Amino acid sequence: MSETFNNIVIDEKFEVKHLDKTSDDIEVIDVSKDKLIEFATYLKMHINTQFNMLLSISGIDKADCFEVVYNLFSTVFNKKLILKVRLDKKNPNVESLCGLYSAANWHERETYDLFGINFNNHPELERILLPKDWIGHPLRKDYVNKDKRLSWNER
Amino acid sequence: MALESTFKKEMIINVGPQHPSTHGVLRLVMTLDGEIIKDTKPVIGYLHRGMEKLAESRNYFQYLPMVDRIDYLSSFFCSAAFCYAVESIAGIKVPKRAEYIRLITMEFNRITSHLMWLAAFLLDLGATTPMFYAFREREDIVKLFEDLTGQRMMYNFYTFGGVKKDLPEGWMTKALDLCKLMPKMFDEYEAIITKNPIFMERTKGVGVLTQKMATDYAITGANIRGSGIDFDLRKTNPYSVYDEIEFNTHLSQNSDSYDRYMVRIAEMRESVKIIEQALKQIPGGTPEKLKVKSVNCGCKNEDCEFCGFDAQLVGKKLNAAVFKPPAGEAISMIEAPRGIITCYVVSDGTNKPSRVKWRTPSFSSVQVLPELIKGKNYSDLMPIFGSLDVVLPEVDR
Amino acid sequence: MQIIITAVDFIYNWGRSNSLWPLTYAPACCGIEMISASAATFDISRFGSEVFRATPRQADLMITAGTITHKMAPALIRLYEQMPEPKYVIAMGACTITGGMFENDSYSVVRGVDRLVPVDVYLPGCPPRPEALLDAIIKLQKQIKTETILDRQKYLEAHKPRVMLSDDENCEVVLPNSEFEVIHWGVQKVGYDTEALVAK
């Protein structure tokens with residue numbers, strides 16, 4: 001079954017489905033993690049969509065899964081779009097978008113740093129905001145600081 | 001012989017976290033071949049305070065003072081981004097008078113942020129006089145903010161549904177006087193900087209940011225307008241009452257550091273015009289007039305200019321302890337002095353946000369820096385880095 | 001001994017206190033108020049801080065104006081160690097006194113810069129006004145005028161640091177000093193030679 005987004009029919013081979021819009025009427029599309037790169041390439045290159053800016057990549061820690069949220073913008077048509085990918089908690093990994101958008105590089109490093117989500121085929125996936133030898137991924141809901149070396153910093 | 005081989009070796013130099021020109025704590029690990037930069041690796045995270053995690057253990061009202069500290073030079077914009085996101089989740093309407101006050105304070109804040117940028121940019125290039133000139137103006141505007149909010153820097157003035165207090169008496173006259181004075185002051189800066197031969201030599205043709213690179217790296221704000229792409233959120237997706245005010249956006253075609261400087265100076269002049277229009281168009285007029293007329297009128301009509309909904313300051317009085325917006329998510333985008341700030345708020349029906357994600361423009365600007373300075377002279381680093389207008393707490397949150 | 005050197009002390013302290021040259025160290029928001037204090041409206045150079053030195057080797061006052069995180073802590077300690085004696089530290093702003101608004105549950109903020117370096121004057125505020133910074137500098141000048149050159153060693157011994165830099169170059173955080181065991185609001189010395197300290 002193919003979906004319509006902004007009067008453009010999306011082929012069913014991309015396996016996308018619409019979710020509820022955000023509270024300020026931005027479309028949210030749920031993509032499965034295998035079809036992410038194809039769909040993102042389609043969105044960037046197709047003459048009627050032309051999403052040429054990737055504004056941000058963020059992770060969300062929900063009760064049963066991790067979600068990676070991509071915020072796309074088109075300067076040509078002035079349109080916003082959100083893509084969501086669901087990952088399971090045991091082994092979260094997804095393809096990296098560094099080949100398509102260069103802005104994805106540091107955003108994916110930050111998501112790896114704070115959540116522990118692995119991005120396959122990323123040029124240099126290492127910690128960016130925290131010290132290199134930090135233990136744990138802070139923005140997960142079950143994070144507790146267990147580093148004994150930092151005991152001098154207790155309240 | 002022994003001496004010749006040392007000429008071929010590359011040096012690895014650390015422009016360390018403490019450096020007067022890095023606008024905060026940024027570390028650049030540079031590989032130099034003599035004076036030519038071969039490669040740069042920026043290391044950030046020296047000011048990572050965990051703003052996003054702190055939102056999850058505080059309720060919405062308790063998080064508002066912390067939002068100001070994400071970018072302290074444009075704290076009204078960060079506050080506005082968070083307020084617009086939560087207001088669209090909770091469905092709260094903002095009265096027009098509050099929107100006008102928000103617009104006036106945001107545009108004044110844009111001027112102070114650009115003045116600080118001017119001072120820092122020229123101080124890095126070696127000129128110390130513009131810093132004193134810029135701070136003289138900045139002190140005048142900051143005095144206005146102190147009259148209004150009580151604080152010089154991190155104001156904590158916006159709340160969900162409007163603003164916290166009305167303008168004090170006499171504020172609008174002072175603001176209009178300042179707006180008449182400022183274009184003359186901008187002429188003073190331009191007289192010593194714009195046609196200065198040393199400044200032009202150092203910044204013309206340096207740091208060319210092509211249009212393709214700009215959209216690829218998601219550069220926004222004055223940086224992309226200096227490259228010729230007309231992308232200003234105040235015109236394309238107007239959020240506050242920007243659609244009722246006439247102003248122009250300024251573009252430049254050469255995409256080098258000199259053009260980004262010219263775009264920002266033009267933006268400062270444009271902001272002065274916006275403030276003058278807004279001060280004349282504000283519903284209800286001066287606070288003294290509003291008080292007198294609303295007491296005399298007393299009609300309680302919705303459309304009345306002096307006692308209707310639009311003359312109030314807050315859309316809906318909220319109780320901080322039990323404010324629970326419905327489950328949902330929203331992204332708000334604001335045109336800040338450095339670029340586009342987006343705030344992504346996910347709410348799950350309780351009184352604490354479930355996830356707050358900030359996308360700040362300086363993050364992308366630091367990411368594009370290695371591309372811009374590859375192969376250039378070491379002395380070109382400061383004109384390029386200064387013209388990108390980076391503030392480090394925005395990068396690290 | 002002290003009567004003999006009072007005149008020397010007086011001149012020495014007068015010279016030092018009236019020309020404190022700060023280090024340009026402005027990580028975060030308080031740095032802007034520090035820069036405002038050095039601009040034309042709240043002139044700091046009338047108190048002797050004529051120039052802000054960029055390198056710690058030539059500075060004698062460090063105004064830590066901004067939040068310190070775990071990643072920045074080794075750099076701060078190195079900067080302090082690179083400054084030549086006699087050196088002073090003003091902890092400016094709430095974030096450097098106790099951690100400020102991030103003290104409650106931030107995972108990466110150092111709760112007070114006095115866990116890393118010895119502090120002379122604490123300056124509260126978020127951010128403190130530039131006039132408050134000038135007040136802190138005046139207080140520091142008054143303190144310097146009461147010092148004698150004999151007591152500097154005792155002052156340094158009283159401020160033993162609780163942390164140390166690690167030798168491993170892959171370790172980017174600061175380690176606890178094994179001589180001390182931090183127990184809540186006090187410091188209990190374990191294995192520290194108190195007789196040798198008193199005899200000095």
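Refer to the structure presented above.
Let me sum up the structure you'll find in this document. Counting from 1, residues in each chain are numbered in the order their sequence is written. The order in which chains are written sets their letters, starting at A; the order in which ligands are written sets their numbers, starting at 1. Confidence filtering applies because this is a predicted model: local features only for residues at pLDDT of at least 70, side-chain atom pairs given and counted only at 80 or more, and all residues used for totals across whole chains, interfaces and linings. Excluding hydrogens and water, the side-chain values take into account all heavy atoms of the structure.

Residues and elements named next belong to chain B. For helix α7 (residues 171-193), built from 23 residues, the straight-helix expectation of 33 Å at 1.5 Å per residue is met to within 8% by its first-to-last C-alpha distance of 32 Å. For every residue, the accessible area (1.4 Å probe, protein chains only) is compared with the maximum for its type, and the residue is labelled buried under 20%, exposed over 50%, or partly exposed between those bounds. The way it works is that DSSP assigns letters per residue, a run of H or I at least four long becomes a helix, a run of E at least two long becomes a strand, and they are numbered from the N terminus. Among the residues of α7, Trp171, Met172, Ala175, Leu178, Cys179, Met182, Met185, Phe186, Tyr189, Glu190 and Ile193 are the ones counted as buried. Any two residues whose heavy atoms approach within 4.5 Å are treated as being in contact. The inward-facing, buried residues of α7 abut α5 (96-125), α6 (129-149), α8 (197-203), α12 (257-281) and α13 (287-297). Helix span, as expected, comes to 1.5 Å for every residue beyond the first.

Another point: the side chain of Arg338 of chain B. Residues and elements named next belong to chain B. Mapped onto the elements, Arg338 comes out in the loop between β6 (328-336) and β7 (339-347). Given the relative accessible area of 2%, Arg338 is considered buried. At 2.9 Å, the side chain of Arg338 forms a polar contact with the side chain of Asp71. Non-local contacts of Arg338, meaning those with residues more than four positions away in its chain, are made with Asp71, Leu73, Ser74, Ser113, Thr220, Gly221, Asn223, Pro361, Ser362, Asp389, Val391 and Glu394. Nitrogen and oxygen atoms within 3.5 Å of one another constitute a polar contact, given that in protein one can donate a hydrogen and the other can accept it, and given that sequence-neighbouring residues count only through two side-chain atoms.

Moving on, we come to the environment of Arg69 of chain B. Structurally, the position occupied by Arg69 of chain B is in the loop between α3 (60-67) and α4 (75-90). Residue classification places Arg69 of chain B among the buried positions, given a relative accessible area of 7%. Spatially, the C-alpha atom of Arg69 of chain B lies 8.1 Å from that of Pro393 of chain B, the residues being 324 residues apart in sequence. Filtering out sequence-adjacent residues up to four positions away, Arg69 of chain B remains in contact with Arg49, Met51, Gln151 and Met154 of chain B together with Cys29, Met101 and Cys126 of chain C. At 3.0 Å, the side chain of Arg69 of chain B and the backbone oxygen of Pro65 of chain B are in polar contact.

Once that is clear, we can look at the interface of chain B and chain A. Each side of the interface is counted separately: chain B has 38 residues, and chain A has 42 residues. A simple way to read buried area is as the amount of 1.4 Å-probe accessible surface that goes missing from two parts once joined, with both sides added. Summed over both partners, the interface of chain B with chain A buries about 3400 Å², with 57% contributed by carbon and sulfur atoms. Throughout this description, the term salt bridge denotes a Lys or Arg side-chain nitrogen within 4 Å of a carboxyl oxygen of Asp or Glu. Inspection of the region where chain B meets chain A yields five salt bridges. Where Glu126 of chain A meets Lys41 of chain B, a salt bridge forms, and the shortest distance between an N and an O atom there is 3.8 Å. Summed over the shared surface of chain B and chain A, the result is 12 residue pairs in polar contact (both at pLDDT 80 or more).

The parts lose accessible area when they come together, and the size of an interface is often stated as this lost area. With 19 residues of chain A in contact, the opposing surface of chain C contributes 20 residues. Interface of chain A and chain C: buried area, both sides summed, is about 1800 Å²; carbon and sulfur atoms make up 58% of it. When the buried surface of chain A facing chain C is broken down by residue, Trp152, Asn153 and Arg155 of chain A rank first, second and third, together holding 47% of it. Seen at the junction of chain A and chain C, the total is three residue pairs in polar contact (both at pLDDT 80 or more). Under the scheme applied, nonpolar residues are Ala, Val, Leu, Ile, Met, Phe, Trp, Tyr, Cys and Pro; charged residues are Asp, Glu, Lys and Arg; polar residues are all the others, including Gly. Its residues assigned to classes, the side of chain A that touches chain C comprises 11 nonpolar, three polar and five charged.

In a packed pair of helices, the relevant descriptors are the angle between the two axes and the axis-to-axis distance. Residues and elements named next belong to chain B. For helices, the axis comes from a line fit to the C-alpha atoms of the stretch in contact; other axes are also lines fit to C-alpha atoms, and the angle between any two N-to-C directions lies between 0 and 180 degrees. Between α3 and α4, the least distance of the axes is 9 Å, while the angle of their chain directions is 155 degrees. In terms of orientation, α3 lies roughly antiparallel with respect to α4. The handedness of the crossing between α3 and α4 is right-handed. Where α3 approaches α4, its residues Tyr60, Tyr63, Leu64 and Val67 are matched on the opposing element by Cys78, Ser79, Phe82, Cys83 and Val86. Considered class by class, the residues forming the contact of α3 with α4 number eight nonpolar, one polar and no charged. The scheme is simple: roughly parallel for angles under 35 degrees, roughly antiparallel for over 145, roughly perpendicular for 65 to 115, oblique for anything else. By the definition used in this description, the sense in which the near helix is turned from the far one sets the handedness, with an anticlockwise turn below a right angle giving left-handed and a clockwise turn giving right-handed.

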